[in-house]
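Reading the structure
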Amino acid sequence: MTKTALDTKKKRKKKGTEETPVPHIGKINKELLLDLAAKHGTPIFVIDHEKLRENYREFRRHLPDVQVYFAVKANSNPEIVKTLFKIGSSFDVASMPEFMIVYENIRDMPKNERQEWIWDKIIYANTIKPIETLEALDKYKPLVTFDNHHEILKIRDHAPHAGLVLRIRVPNTGSMVELSSKFGAHPGEAVDLIAEAFDNGLVVEGLSFHVGSQCTNFENYMQALQLSANIIKEVEDRIGKKIRILDIGGGFPVKYHPGIRSIRTLARKLNMEIKRLFPTDMQILAEPGRFLVANTCTLVAKVVGKAVRDGKPCYYINDGVYHTYSGQVFDHINYPVLPFKEGETQISAVFGPTCDAFDTITLSAELPDLEIGDLVYSENIGAYSHASSTYFNGFPPAKVVHINR
Ligand SMILES: *Cc1c(COP(=O)(O)O)cnc(C)c1O
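Residues numbered from 1 in each chain as written. Predicted model: local features only at pLDDT ≥ 70, side-chain atom pairs only at ≥ 80, totals over all residues. Heavy atoms only, no water.

1. Side note on the domain arrangement of the protein chain
Here the protein chain is partitioned into domain 1 (49-293) and domain 2 (295-403). On a C-alpha basis, the centroid separation for the pair domain 1 and domain 2 is 33 Å. Between domain 1 and domain 2, the residue contacts involve 17 residues of the former and 14 residues of the latter. Both faces combined, the contact of domain 1 with domain 2 buries some 1500 Å², and carbon together with sulfur accounts for 53% of it. The tally of links from domain 1 across to domain 2 stands at 1 salt bridge. A salt bridge links D331 to R290; its shortest N-O distance comes to 2.8 Å. At the junction of domain 1 with domain 2, the criterion picks out 8 residue pairs in polar contact (both at pLDDT 80 or more). Mapped onto the side of domain 1 that touches domain 2, the elements with two or more residues apiece are α3 (49-62), β9 (175-177) and α12 (290-293). Among the elements that take part in the side of domain 1 that touches domain 2, α3 stands out by supplying 5 residues, more than any other. Classifying every residue of the side of domain 1 that touches domain 2 by side-chain character gives 7 nonpolar, 5 polar and 5 charged. (Domains from an automatic or database assignment. Contact = heavy atoms within 4.5 Å. Buried area = accessible area lost by both parts, 1.4 Å probe. Salt bridge = Lys/Arg side-chain N within 4 Å of Asp/Glu carboxyl O. Polar contact = N/O pair within 3.5 Å; in protein donor to acceptor, adjacent residues only side chain to side chain. Helix = DSSP H or I, 4+ residues; strand = E, 2+ residues; numbered from the N terminus. Nonpolar A, V, L, I, M, F, W, Y, C, P; charged D, E, K, R; others polar.)

2. A short note on the pattern of salt bridges
Evaluated as defined, the whole model comprises 16 salt bridges. The partner of D157 in a salt bridge is R156, and the shortest N-O contact between them spans 2.9 Å. Here D157 falls in the partly exposed class, since its relative accessible area comes to 46%. For R276, the salt bridge identified is with E273, shortest N-O distance 2.7 Å. Remark: E273 and R276 occur in helix α11 (residues 263-277); sequence separation between them is 3 residues, near one turn of the helix. By sharing partners, the salt bridges in this structure join E50, R53 and R57 into a single network. (Buried < 20%, exposed > 50% of the residue type's maximum accessible area, 1.4 Å probe, protein only.)

3. Concerning the side chain of D48
One can find D48 in strand β3 (residues 44-48). Overall, D48 belongs to the buried group, its relative accessible area being 2%. Within the local environment of D48, its side chain forms a polar contact with the backbone nitrogen of E50, the two atoms lying 3.1 Å apart.

4. Comments concerning the layout of surface pockets
The computed volume of the largest pocket comes to approximately 700 Å³. Around the largest pocket, the lining comprises 31 residues; the ones closest to its centre are K73, A94, L179, F183 and Y384. Taken together, the residues that form the lining of the largest pocket break down as 14 nonpolar, 9 polar and 8 charged. Split by domain, the residues of the lining of the largest pocket number at least three in each of domain 1 (49-293) and domain 2 (295-403). (1 Å grid on protein atoms, 1.4 Å probe; cavity = no way out; pocket = protein on both sides within 12 Å on 5 of 7 lines; lining within 4 Å. Points joined across faces, edges and corners; volume = space filled by probe spheres on them.)

5. Some remarks on unusual backbone geometry
Following T42, the chain continues into P43 via a peptide bond in cis, with omega recorded as -5°. Positive phi outside glycine occurs at Q214, with the angle close to 55°. Here Q214 is to be found in strand β11 (residues 213-215). Of the residues examined, Q214 reaches a relative accessible area of 4% and is grouped as buried. Here the phi dihedral of H332 falls at roughly 60°; this positive angle occurs in a residue that is not glycine. Looking at where H332 falls in the secondary structure, it is placed in the loop between α13 (327-330) and β16 (338-339).

In structure tokens:
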């Protein structure tokens, strides 16, 4: 925990020599980022744990009846898992290593007294699970998702103690990252699959969906809720079983720019529709990933090279699209590269450090004249960024620095 940098900043302020206003980057400011870069070197990936707690509380405030299962794949840093666990979060994992990150970090935490804790604290939300994984998970009696016939047989044979959640395919019009081409049973097959699981001696506890990531078209959620309600009713009517869990997945949008509607609007619609469609004893789960972590992280990188090509200034920095900026490829989000320095700007290109021309962060950043050694930063880079960073060309992922306010 890097309390020191903030403390230093406070001390400096008290001295009160020349008080210049510090430009704010959310709650982290430029001065702090420069301090951290001086202390740790670059590139650094700064995680603001207070912001993380704020995001969690905001989600809970707007959706008070929804239990939060943080989708670990968005940012699997163990300190994030610990901070979220301490304030009550549960977790959505999608691989055995992700399961172990959560399990090993929360296993011995004091709040964890329940015997059957895993039912409350982890959902394994990958509908496709290797046989070895099922065998390793079975003793924990995990909650797992499925969406097809072959998976039912695998679970029957290798993890019969699991509780099952059927994932259905729902509309995802307008979401930034779509998931429905890869996952989810067609709603028309849902009841048959649930019946088949019961016939094989398994227990289906719930239904789940994912409307696609960074979902700004809230109609997707509304249609998904209606589809779920229809299926749950038909399961009761046709096979006499009660579905107790509804998992509304992720997709909750982040305000990457001011035009994106806030969670408040979505939450109001969700709360109303959930109340209208489901009995009050239905357990509602959500698996927010991006929403909890995107704005908690800031990247600081350094200019390591400079050239002029076709009249355009080109900067080479020590992080790129194989690393923290990988979200530009996999997550379709652009992260503006911002200068610490002020001055007249020019359209400039910014490249990552590897020997691949694909490692281009932007061809059109508005940047002042930068020198080798100058620092730049990118905000809101906490989701699907560091998590998909590689070691390509020998460049390791950015060093993680934690901030606790
Ligand atoms: C990726 C994923 C999430 C998280 O999605 P966000 O859009 O980041 O909230 C949740 N559930 C499942 C099953 C996922 O695959």
